[in-house]
Amino acid sequence: MNWVSFVALFFVTWWLVLFAVLPFSLRTQDEDKDVTLGTVSSAPRGPHMLRAAIRTTIVTAVVIGIFYGLTRGLGFGFDDIPHIVPDFSHTEGS
């Protein structure tokens, strides 16, 4: 995998992980009992995007590291996906 493909894969994975990680440790104004006038009570309390970006980068690095280990270290590829689950249709004695 060349570096352009690696950066593209990291970028796409980062965005997917961002939406999965975004709600973690989110405090709403209603939970803190301090609702700002003109906002809904379910609005986030204070900025939390920096923590979410850091968590997203760490999780994405782990996911990409696992992917890199499977593809480069163990030699798996997209052609191996159908062979991951064993074929149980051919049983002995039938």
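A few points on the structure. (Residues numbered from 1 in each chain as written. Predicted model: local features only at pLDDT ≥ 70, side-chain atom pairs only at ≥ 80, totals over all residues. Heavy atoms only, no water.)

### Focus: the pattern of salt bridges
Here is the rule we go by: In the sections that follow, a salt bridge refers to a side-chain nitrogen of Lys or Arg positioned within 4 Å of a carboxyl oxygen of Asp or Glu. Between buried and exposed lies partly exposed: a residue is buried under 20% and exposed over 50% of the maximum accessible area for its type, with that area taken using a 1.4 Å probe on protein chains only.
Across all of its chains, the model carries 2 salt bridges by this definition. Its salt-bridge partner being R27, residue E31 comes within 3.9 Å of it at the nearest N-O pair. With a relative accessible area of 45%, E31 lands in the partly exposed category. When the shortest N-O distance is used, the salt bridge between R27 and D32 registers 2.6 Å. Among the residues examined, R27 registers a relative accessible area of 43% and is labelled partly exposed. Looking at D32, the relative accessible area reads 32%, which means it is partly exposed.

### What about a nonpolar patch on the surface?
For clarity, the cut-off: Residues enter a patch when their relative accessible area is above 30% and they make no salt bridge; the linking distance is 9 Å between like charges and 5 Å between nonpolar side chains (Val, Leu, Ile, Met, Phe, Trp, Tyr). Throughout, the Shrake-Rupley method with a 1.4 Å probe supplies accessible areas, and for residues the shown protein chains are the sole cover considered. Helix and strand definitions follow DSSP, with helices as H or I runs of at least four residues and strands as E runs of at least two, each counted in order from the N terminus.
A contiguous nonpolar patch, built from L50, I54, I58, V62, I66, L70, L74 and F76 and spanning about 810 Å² of accessible area, is present on the exposed surface. Here I54 lies in helix α2 (residues 49–73).

### Re the packing of aromatic side chains
Going by this rule: Paired rings are identified among Phe, Tyr and Trp, the last through its six-membered ring, by centres lying within 6.5 Å, and are further divided according to the angle between planes into stacked (under 30 degrees), edge-to-face (over 60) and tilted (the rest).
Scanning all chains against the criterion turns up 3 aromatic pairs. Taken together, F11, W14, W15 and F19 form an aromatic cluster joined through their ring pairs.

### Digging into the environment of L16
With respect to the helices and strands, L16 occurs in helix α1 (residues 3–21). Residue class for L16 comes out exposed when judged on its relative accessible area of 61%. Sequence separation of L16 and T56 is 40 residues, and the distance between their C-alpha atoms is 9.1 Å.

### A word on the environment of P47
Following the sequence through the fold, P47 ends up in the loop between α1 and α2. Given a relative accessible area of 79%, P47 falls into the exposed group.

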